[in-house]
Amino acid sequence: MKQHKTIIFGSLLLAAALLSQGCGQPSNESMLDKGNYAMWQGRWSDAAEEFRAAASLHPGDWEAQYNLGQCYMEMGQPQLAAQSLAVAESLKPYNTDIADLYAESLMQSDKGDKLYSFLFNRAQSQQTVRSWTKFAEYAMELDDPDSATNAINTAIALSDGTNIRPYVVAATFAQRLGDDTLAVTYWKQAWMIEPTNVDITNAIRSYGEVPGPTMTGVDDIE
């Protein structure tokens, strides 16, 4: 009986040892550490090799997929980056860093339709100022001013007058479309939210206006 217990205990120890060693394979954590170090040094190819191995071992590791995507982008391979980033984004849909890099990888890969669908669906599902603003920015880059305008108007409505970003983007759109009057209106609205913002103040002054009591009833702050 004692011998039987000894055999069982020995088997359990052996199994634990094999698991801890990964049956001879390096742990995912070790590969991520090596990849992060190589990435920190700017050795993108070496880092990508580590992250590829980590993603192959654990395809559901969002960090491995995201970091691999970053490496591919640095290596000028946006199509490969998009593949990894698509996985990472599906695992972490609310991570804005992943979503932003995925969007950029699609843009650089000339995947306009896929980029449009991704950002539009993301904005519709999340209903945040940021997601609608990001969709608006890329829609304008994709030469779709109507979608861009609708998106930025949605972002402005969601912001409820507390976020300058959609107003700044809206002003920029208006300028690109040649509507200076509308551009000034948006710049003024942005200034009302953040009157100490030098860039906004300078934008208004570039149109020959001086932010201050005569404009909004709020003193200009130098």
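Before reading on, note that the structure itself is shown above.
Below, the structure is looked at part by part.

Rules used in this analysis
Think of each chain on its own: its residues are numbered from 1, step by step along the sequence as written. Residue-level local features of this predicted model are given only where pLDDT is at least 70; pairs of side-chain atoms are given and counted only at 80 or more, and the full residue set underlies all totals for whole chains, interfaces and linings. Excluded from the side-chain calculations are hydrogens and water; all other atoms, namely the structure's heavy atoms, are used. Numbering of helices and strands runs from the N terminus; a helix is a DSSP stretch of H or I covering at least four residues, while a strand is a stretch of E covering at least two. Note on classification: 1.4 Å probe, protein chains only; a residue is buried when its accessible area is under 20% of the maximum for its type, exposed when over 50%, partly exposed between these limits. Here, residues are in contact when the closest pair of their heavy atoms is within 4.5 Å. Surface accessibility in these figures is a Shrake-Rupley result with a 1.4 Å probe; residues are shielded only by whichever protein chains are displayed. Stacked, edge-to-face and tilted are the three classes for Phe, Tyr and Trp ring pairs, Trp counted by its six-membered ring, which pair at centre distances within 6.5 Å; planes under 30 degrees apart are stacked, over 60 edge-to-face, the rest tilted.

1. Observations concerning the overall build of the protein chain
And then number 1: When you go through the protein chain residue by residue, the secondary structure sums to 12 helices and 0 strands.
And then number 2: Each helix (α) and strand (β) of the protein chain, taken in turn from the N terminus, gives the series α-α-α-α-α-α-α-α-α-α-α-α.
And then number 3: Out of the 222 residues in the protein chain, the part that is buried amounts to 37%.
And then number 4: Long-range pairs, those at least 24 residues apart, make up 45% of the contacts in the protein chain with a sequence separation of at least 6.
And then number 5: Put simply, the protein chain shows about 12600 Å² of open surface, and 52% of that area lies on carbon and sulfur atoms.

2. Looking at the side chain of Gln 65
And then number 1: Take Gln 65: it is sitting in helix α4 (residues 62-74).
And then number 2: Residue classification places Gln 65 among the buried positions, given a relative accessible area of 8%.
And then number 3: Ignoring sequence-local partners within four residues, the contact set of Gln 65 consists of Ala 55, Pro 59, Ser 84, Leu 85, Val 87 and Ala 88.

3. A closer look at the packing of aromatic side chains
And then number 1: Here the structure, examined in full by the defined rule, presents 7 aromatic pairs.
And then number 2: Look at Tyr 102 and Phe 118: their rings are 4.8 Å apart centre to centre, the planes differ by 70 degrees, and that puts the pair in the edge-to-face class. Of this pair, Tyr 102 sits in helix α6 (residues 96-108) while Phe 118 sits in helix α7 (residues 112-126), placing them 16 residues apart in sequence.
And then number 3: Classification of Tyr 102 as buried rests on a relative accessible area of 7%.
And then number 4: Judged by its relative accessible area of 12%, Phe 118 falls in the buried class.
And then number 5: Ring geometry for Trp 132 versus Phe 135: centroids 6.1 Å apart, planes at 65 degrees, classification edge-to-face. Of this pair, Trp 132 and Phe 135 both sit in helix α8 (residues 129-141), separated by 3 residues, roughly a single helical turn.
And then number 6: By relative accessible area, Phe 135 is classed as buried at 3%.
And then number 7: Grouped by ring-pair contacts, the aromatic residues Tyr 116, Phe 120, Trp 132 and Phe 135 constitute a single cluster.

4. Quick notes on the environment of Asp 146
And then number 1: Assignment of secondary structure puts Asp 146 in helix α9 (residues 145-159).
And then number 2: Residue classification places Asp 146 among the exposed positions, given a relative accessible area of 58%.
And then number 3: Between the alpha carbons of Asp 146 and Ala 136 there is a distance of 9.4 Å; along the sequence they are 10 residues apart.

Worth remembering: the numbers are spatial, not functional.
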